[in-house]
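Listed below, chain by chain, are the residues.
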Amino acid sequence: MLIYKKYFFDTAHFMPNFPKEHKYGRIHGHSYELVVHLNDSLDSKNDWVIDFEEIDKFVLPLIKKIDHNLINEIKGLENPTTENISKWFWNNLKNDLKSLEKIELNRPRIGGCIYKGN
């Protein structure tokens, strides 16, 4: 059974590989929607894959770390593309959420990334 949980956060960043005078090279912000997808069999006691609050235990500390912060300053997010942010979430969740299937990161009205691990 495939389940998912959505989270929302806002960050500031700049793209270090662009000149400072380029719009991507300057500090700017984005709103994001993170969707964490898990795929596993149903727990026989509760008839669910996992309690959504259990997912929160692992995701919310990561959200707190990046929400309303300059994410270039966070280890692993020095080049904060949507792809790298997706991989950062995956790498920080894969050991705790064993049934993690994919990370979906959306920038509303623009686009996003789906990362299924390596």
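Refer to the structure printed above.
In this report, we go over the structure that sits alongside the text. (Residues numbered from 1 in each chain as written. Predicted model: local features only at pLDDT ≥ 70, side-chain atom pairs only at ≥ 80, totals over all residues. Heavy atoms only, no water.)

## A word on the sheet that holds strand E2 (residues 28–39)
Spatially, the four strands line up as an open sheet ordered E1-E2-E3-E4, and their pairing is antiparallel. Here the strands that pair on one side only, and so sit at the sheet edges, are strand E1 (2–13) and strand E4 (111–115). Within this sheet the neighbouring strands show an average axis-to-axis angle of 20°, counted without direction. Sheet topology places E1 next to E2; 12 bridges connect them, and they run antiparallel. Across the sheet, the residue bridging to threonine 11 is histidine 30, located in E2. The strands that helix H1 (residues 52–66) touches are E1 and E2; relative to E1, the one it contacts most, it runs at about 10°. Along the sheet, helix H2 (residues 82–93) contacts E1, E2, strand E3 (100–107) and E4; its crossing angle with E3, the most-contacted strand, is approximately 145°. (Pairing = 2+ DSSP bridges. Helix = DSSP H or I, 4+ residues; strand = E, 2+ residues; numbered from the N terminus. Axes fitted to C-alpha atoms, helices over the stretch in contact; angles between N-to-C directions. Contact = heavy atoms within 4.5 Å.)

## Here's the deal with the nonpolar core
One finds Leu34, Val36, Phe89 and Leu93 to be the most contacted residues of the largest nonpolar core, which totals 26 residues. Apart from the residues lying within four places of it in its own chain, the contact partners of phenylalanine 89 are Phe9, Leu34, Leu62, Ile63, Ile66 and Ile103. (Core = buried A, V, L, I, M, F, W, Y, C linked by side-chain atoms within 4.5 Å. Buried < 20%, exposed > 50% of the residue type's maximum accessible area, 1.4 Å probe, protein only.)

## A word on H1
With 15 residues, H1 should reach 21 Å at 1.5 Å per residue; the first-to-last C-alpha distance of 21 Å fits that figure. At phenylalanine 58, H1 is deflected by roughly 35°, the largest bend along its length, and proline proline 61 occurs up to four residues later in sequence. Along H1, the residues that are buried comprise Ile55, Asp56, Val59, Leu62, Ile63 and Ile66. Along its buried surface, H1 packs onto E1, E2 and H2. The N-cap of H1, judged by a side-chain oxygen 3.0 Å from the amide nitrogen of glutamate 53 a few residues on, is aspartate 51. (Expected span 1.5 Å × (residues − 1). Bend = angle between axes of the 7 residues up to and from the residue. Polar contact = N/O pair within 3.5 Å; in protein donor to acceptor, adjacent residues only side chain to side chain.)

## Quick word on the pattern of salt bridges
On inspection of all chains with the given rule, the structure shows three salt bridges. Between lysine 5 and aspartate 56 there is a salt bridge, with the nearest N and O atoms lying 2.5 Å from each other. A residue pair is termed long-range when its members are at least 10 positions apart, and lysine 5 in strand E1 and aspartate 56 in helix H1 qualify at 51 residues. Of the two residues, lysine 5 and aspartate 56, both sit in the buried class. (Salt bridge = Lys/Arg side-chain N within 4 Å of Asp/Glu carboxyl O.)

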